[in-house]
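Reading the structure
Listed below, chain by chain, are the residues.
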Amino acid sequence: MECAGKGRGTRCTGPAKRRCGRCGAVAYCSVDHQVEHWNDHKDECKRFEQQMERVDVLNEFPFTFSEEATIQLCQKQESRCSFLNKRAIHKVGMWFYECPCGEREPATSFNYTRLNDSWILPKILCPCSETLSPITKHLRSWKDYYDWRCIPLHSPVALLLHWPLTIRHAMQTAGLEPMTPEFGDTLCIHYLGRGQCPSLTTGTICGLNKPTLIERFLPLQVTALTNKQKRPEKELLQLPVFAELLALFPGVTLHIAFVGPSIPEEMNSETIDLCSYAKCLQMDCICKDVDRDVYSNKRPRLTLKLWRGLYHDCYKDITKDYYPHLIIAPNAGIAAYPSWLPTIELIKEINVPAIFSDFCEEACHLGASCLSSVIGHSIPFPIQLNPFRQPIAMEDTALFLPCYSNCFLYGF
């Protein structure tokens, strides 16, 4: 963890081991840097203190591996690599980019042929076929989902399933329910990738005049920007898990537009039909039966279309196919990317519910401030913890607050 007072005119004297005595969320290399940084930190300190009081809630999951994936990882007693390695899913298939090994892979060696539609797990540990029982009206936790899908709590599949489960929870957060007269049996979602360039020099994004906040507390988005030169959004490398939406929205035809500047050029305008669930390792499992693809009236129920570019630039072309019922932007980093501003203005104009997520509460606080400054009032969907956040902590974050993919939701 870097010293929060880094760059204050004098060089850091060593590692940042001196934590703020009030909030405990930031650390310094020396008393001098702590004193010099106080004028910037004093306004945020109370907010950080309140966020730190909720750390135990952030780390609370029902899994048998919860402590290993949260507290032990944050304390560096465990790592993402070791966690995956113990379960024989390290650097394989859809799991490849769930650890720094995949993140560091050079662009020249990126290869789609490595990806497949298998969980690389035994049948008992993954949802590889249709459900045995109807979905409960409201899934409120990972335990609800695992019980419904008859998956044991030592299965790691939640590390990937947070993508489709967050979509369903976003629908509920926005108060939307398919199979009603408003929607009929078709649901269209616009799924937005992160922005194109970070705002680390302008100092003002959506009315925020806090460049140091953005630099220090949104490093994950900045790191993601660097990685964009290597590969597309992680979700594109894990597309088979989105087939779980077939179970989460039974009887509904889904059209999802994936939009982002890091969609590979060769995949722009590509349409992908997900007709079967990701498969297990058991060779005689029903999921291997090619005649049992999930169709409704011989038509695919889940279609994904990829759009390269920023949402406000692509919007007119996208809506020639389907107008959205919901817009969702996972791990958005609104305060870090200036390209969000025209997109937010567009969403305000078209008046479609939009749900954003981010890695930690502070990133959401900055993002919500941006939204409020654009729409002119407080956001109707306030910051709230996502029960379907990814249940393994991010590594090497800029705060002592634990960070999780899709950790908090908010929107308008």
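First things first, this report covers the structure right here in the doc. The residue count restarts for each chain, going from 1 along the sequence in the order it is written. Local features in this predicted model are restricted to residues whose pLDDT is 70 or higher, and side-chain atom pairs enter the listing and the counts only when it is 80 or higher, whereas totals over whole chains, interfaces and linings include all residues. Calculation of side-chain values draws on the structure's entire complement of heavy atoms; hydrogens and water are dropped beforehand.

1. Details of helix α12 (residues 311-318)
Rules: Between buried and exposed lies partly exposed: a residue is buried under 20% and exposed over 50% of the maximum accessible area for its type, with that area taken using a 1.4 Å probe on protein chains only. Where helices and strands are cited, they refer to DSSP runs of H or I of at least four residues and of E of at least two residues respectively, numbered from the N terminus. This arc describes the spread of directions from the helix axis toward the C-beta atoms. Contacts between residues were defined by any pair of non-hydrogen atoms, one from each residue, lying within 4.5 Å.
Where α12 is concerned, the buried positions are Tyr311, Cys314, Tyr315 and Ile318. In a view along the axis of α12, the buried residues occupy a sector of 135°, so they form one face of it. Exposed positions of α12 whose direction lies more than 90 degrees from the buried face are Asp313 and Lys316. Looking at the buried side of α12, the elements it contacts are β3 (186-192), β4 (253-260), β8 (302-308), β9 (326-329) and α13 (340-350).

2. Concerning the pattern of salt bridges
Side chains bearing opposite charge may pair, as long as their charged atoms lie close to each other. Condition: Salt-bridge detection follows one rule: a side-chain nitrogen of Lys or Arg within 4 Å of a carboxyl oxygen of Asp or Glu.
A complete count under the given rule lists 15 salt bridges for this structure. One salt bridge connects Arg87 with Glu68, and the closest N-O pair in it is separated by 3.0 Å. Placement of the pair is Arg87 in the loop between α5 (80-86) and α6 (100-103) and Glu68 in helix α3 (residues 66-69), with a sequence separation of 19 residues. Residue classification places Glu68 among the buried residues on the basis of a relative accessible area of 13%. Overlapping salt bridges, with partners in common, bring together Glu68, Glu78, Lys86 and Arg87 in one network.

3. Re the packing of aromatic side chains
Note the following rule: Paired rings are identified among Phe, Tyr and Trp, the last through its six-membered ring, by centres lying within 6.5 Å, and are further divided according to the angle between planes into stacked (under 30 degrees), edge-to-face (over 60) and tilted (the rest). We call a charge positioned above a ring when the Lys NZ or Arg CZ atom is no farther than 6 Å from the ring centre and deviates by at most 35 degrees from the ring normal.
Taken as a whole and assessed by the stated rule, the structure comprises 20 aromatic pairs. Where Phe61 meets Tyr404, the ring centres are 5.5 Å apart and the plane angle is 65°; that geometry is what we call edge-to-face. Separated by 343 residues along the polypeptide, Phe61 in the loop between α2 (55-58) and α3 and Tyr404 in the loop between β11 (381-385) and β12 (408-411) bring together distant segments of the chain. Looking at Tyr404, the relative accessible area reads 0%, which means it is buried. With a centroid separation of 5.8 Å and 85° between ring planes, the pair formed by Tyr191 and Phe242 is classed as edge-to-face. Taken together, the residues span a long stretch of sequence, with Tyr191 in strand β3 and Phe242 in the loop between α10 (219-228) and α11 (245-248) at a distance of 51 residues. Comparing Tyr191 with Phe242, the two get one shared label, buried. Ring-pair connections join several aromatic residues into one group, and the members of that group are Phe61, Phe63, Phe65, Phe83, Trp142, Tyr145, Tyr146, Trp148, Phe388 and Tyr404. Positioned above the aromatic ring of Tyr277, the side-chain terminus of Arg149 is 5.3 Å from the ring centre.

Function cannot be read off these values alone, since they describe shape.
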